[in-house]
Amino acid sequence: MKKENVKPFLDEIMKAMPEVTVLTKEEERLIYAHGCYPREYKWLLQGTYKYLPSAILMANCTQEVSKILELSQKYEVGIIPYGGGSGIVGGTIPEDGEVMIDTKRLRDFEINPINGTATGGAGLTGAEFENLLNNAGYTCGQYPQSFQSAVLGGMVSTRAIGTFSTKYGKMDDMVNSLEVVLPNGHVYQSHKCPKASTGPELDQLFLGAEGTYGVVTKVEMKIYPVAEKRYFEAYTFQRTEDALEAIRQFVQNHVHPAVVRLYDEEEAIPKLAEFHYEKDQVLLIVGYEGLARQVDLERELVNEYCVKNGGVNKGTEAGEAWFRTRFSTKKMLDYDATKGGTADAIEVAAPWDCIANVWREMRRALEPLCTVVDCHFSHVYHTGASVYVIFHADTQGDDYDGEKRYLECLDTAIRTSLKYGGNISHHHGCGKAKAAYLADEHGEAGVEVMKKIKDALDPKGLLNKGVLGL
Ligand SMILES: Cc1cc2nc3c(=O)[nH]c(=O)nc-3n(C[C@H](O)[C@H](O)[C@H](O)COP(=O)(O)OP(=O)(O)OC[C@H]3O[C@@H](n4cnc5c(N)ncnc54)[C@H](O)[C@@H]3O)c2cc1C
């Protein structure tokens, strides 16, 4: 990154593309300086915000993004793509005063009902894209908790996932094709055929690359008719292990309700109290949607597996309440905003044969460092599931203590997951926060592959330097 070249770089952009808005005021740069990485909250509260981007470029179309990247090579200026800013792993920290490309003006939208797809500009939020689809009678089924802020390009780049994932899949399954601007400005557009046998799947190279291999500009997603019927219900079980076993059995028998959320013994406590259910249980919420007959059959099958494993059906109330409040993260934000406090959601994945150990040991390891540890399982697969551990800590100290405790909790959670057979991230990505652990998951050879691809696509290392350790 040649900081001295930022001014001539911006001058040439303004001359060549007057439609690109260039933001350089300090307050504008401060807004873009942070995403939702918990340490960024602490840096704001410490009052010494260290990293500001040199400028923000609001591009209107793929051609402008392409020209910006081409010029960034000429001037050797570092670039960070910025979507909704909801990333929580430090993927947009402008440590070298990089220039950011805000993608939110990339807002194309087109439906192809015959192919069952819709193409959206990378800057549409999940909610905007879904509303446009709903108006035409479709859904893509992608409802992350950050639905209102995360944009399509950001969700592709982090391999995001929504709460209805058991039916609709994760972002990696939902994408049919991508348009991506490479670091040298060339535009890659994948073919839209449903399957190919002509080399590796290149779209998957950009899914989860967190902007290190290119800037995503358009996303073609699979779409479905809006569901005829949606239904929620809850089960209680004696133990987390019993509920996990019921889930494993129905999923491995191809029974895929849309929502599967299991709260462990601790996280279930306030929910059991709220609905006046018996104490000392775990709570499973199951949500179904689709054709009415399909929903009814799935309910019947899920019920069989749950009852067989000791589950008791508690009716619709808890599931419907979850659905109404599913976007709320107030408890976590309260701890982040507290002087000396910190909180985060660490989400890892593990195979079925070790998932209970990963969950139990992560909880056990974090408890001494935290005020409250909540654990649930909300994404389930044929071979395993995710474990979602939310830690809330209050050091009673200052915001430097809060930051220090955050790093201790993160390290403890990740090392414990790896030790018991889990990974380092299920869907939040790696960013800069988890980069140091990447080789523990992928091995040195895996990291070498990622680095060699980076060197080939971006030899000067200008795009999202440091993210994924690249
Ligand atoms: C309250 C809250 C709830 C959340 N809930 C969920 C959830 O349910 N599921 C989930 O998966 N995640 C969740 N997240 C995490 C976050 O929303 C996701 O990681 C999301 O995909 C990030 O999208 P964004 O548009 O905000 O990306 P940003 O934060 O802007 O960027 C994230 C990364 O992607 C890169 N990037 C952004 N746009 C592009 C692009 N067009 N091309 C290339 N690279 C790009 C950035 O440089 C950065 O490295 C949550 C976060 C918060 C704060």
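Note that the structure is a prediction, hence the values are computed from the model and not measured.

The rules behind each value
- Residues numbered from 1 in each chain as written.
- Predicted model: local features only at pLDDT ≥ 70, side-chain atom pairs only at ≥ 80, totals over all residues.
- Heavy atoms only, no water.
- Helix = DSSP H or I, 4+ residues; strand = E, 2+ residues; numbered from the N terminus.
- Rg over C-alpha atoms; globule rule 2.2 N^0.38 Å.
- Buried < 20%, exposed > 50% of the residue type's maximum accessible area, 1.4 Å probe, protein only.
- Areas by Shrake-Rupley, 256 points an atom, 1.4 Å probe, with all protein chains shown as cover.
- Lys, Arg positive; Asp, Glu negative; His and termini not counted.
- Charge placed at Lys NZ, Arg CZ, Asp CG, Glu CD.
- UniProt positions renumbered as here; feature names shortened; annotations may be inferred.
- Near = heavy atom within 4 Å.
- Polar contact = N/O pair within 3.5 Å; in protein donor to acceptor, adjacent residues only side chain to side chain.
- Salt bridge = Lys/Arg side-chain N within 4 Å of Asp/Glu carboxyl O.
- Expected span 1.5 Å × (residues − 1).
- Pairing = 2+ DSSP bridges.
- Axes fitted to C-alpha atoms, helices over the stretch in contact; angles between N-to-C directions.
- Contact = heavy atoms within 4.5 Å.

Right, let's get into the overall build of the chain. Across its full length, the chain holds 17 helices and 18 strands. What you see for the chain is a C-alpha radius of gyration of 22 Å, in line with the 23 Å of a compact globule of 470 residues. In the chain, which comprises 470 residues, the proportion classed as buried is 56%. Accessible surface, the chain: about 19800 Å² in total, of which carbon and sulfur atoms supply 52%. Where the 51 positive side-chain charges of the chain centre and where its 66 negative ones centre are 2 Å apart.

When the UniProt feature table is mapped onto this chain, "domain: FAD-binding PCMH-type" (unreviewed entry) is found at residues 49–226. Between the C-alpha atoms that bound residues 49–226 there is a distance of 45 Å. The span itself is 24% helix and 24% strand.

Next up on the list: the site of the ligand. For the ligand, the set of nearby residues contains 33 residues, the closest of which are Pro81, Gly83, Ser86, Gln145 and Ser146. One of the backbone N or O atoms of Gly84 is found 2.8 Å from an oxygen atom in the ligand. In the model, a nitrogen atom of the ligand is placed 3.0 Å from a nitrogen or oxygen of the Ser157 side chain. Alone, the ligand offers 980 Å² of accessible surface; in the complex the protein occludes 93% of this. Listed by contribution, the elements that provide at least two residues to the shell around the ligand are strand S3 (79–82), helix H6 (152–158) and strand S10 (215–222).

Attention now moves to the pattern of salt bridges. Pairs may arise between side chains of opposite charge once their charged atoms sit close together. Enumeration over the complete set of coordinates arrives at 28 salt bridges. As a salt-bridge pair, Arg360 and Glu241 come within 2.7 Å of each other at their nearest N and O atoms. Of this pair, Arg360 sits in helix H15 (residues 355–366) while Glu241 sits in helix H10 (residues 240–252), and the two are 119 residues apart along the sequence. Classification of Glu241 as partly exposed rests on a relative accessible area of 23%. Among the salt bridges present, the one from Arg364 reaches Glu361, with a minimum N-O distance of 3.2 Å. A residue pair is termed a helical-turn pair when its members lie 3 or 4 positions apart in one helix, as Arg364 and Glu361 do in helix H15 at three residues. Residue classification places Glu361 among the buried positions, given a relative accessible area of 16%. Residues joined in a network through salt bridges with shared partners are Lys2, Glu76 and Lys460.

This part takes up helix H4 (residues 62–75). Between the first and last C-alpha of H4 there are 20 Å, a value that for 14 residues agrees with the 20 Å anticipated at 1.5 Å per step. With ten of its 14 residues buried, H4 lies for the most part within the structure. For H4, the full list of buried residues reads Thr62, Glu64, Val65, Ser66, Ile68, Leu69, Leu71, Ser72, Gln73 and Tyr75. One or two steps after H4, the chain reaches Glu76, where phi turns positive at roughly 55°.

Turning our eyes to something else, we now look at the sheet that holds strand S2 (residues 55–58). Here four strands make up an open sheet; going across it, the order is S1-S2-S4-S3 and the pairing mixed. Edge positions in the sheet fall to strand S1 (21–23) and S3, since each has one partner strand and no second. Here the average twist between neighbouring strands, direction ignored, is 25°. Taken together, the three bridges between S1 and S2 define a ladder with antiparallel strand orientation. Bridge pairing in S2 links Thr21 to Met58. In the packing of helix H1 (residues 6–16) onto the sheet, the strands contacted are S1, S2, S3 and strand S4 (99–102), and the crossing angle to S2 comes to about 20°.

Two orientations exist for strands paired in a sheet by backbone hydrogen bonds: parallel and antiparallel. The sheet built from five strands is open, its strands ordered S5-S6-S10-S8-S9 with antiparallel pairing. Every interior strand has two partners, whereas the edge strands, strand S5 (109–112) and strand S9 (187–189), have only one. Each adjacent strand pair in this sheet contributes to an overall mean axis angle of 15°, direction not counted. Two strands pair when backbone bridges link them, and S5 and strand S6 (residues 117–121) are joined in this way by four bridges, in the antiparallel orientation. Note on S6: the bridge partner recorded for Asn112 is Thr117.

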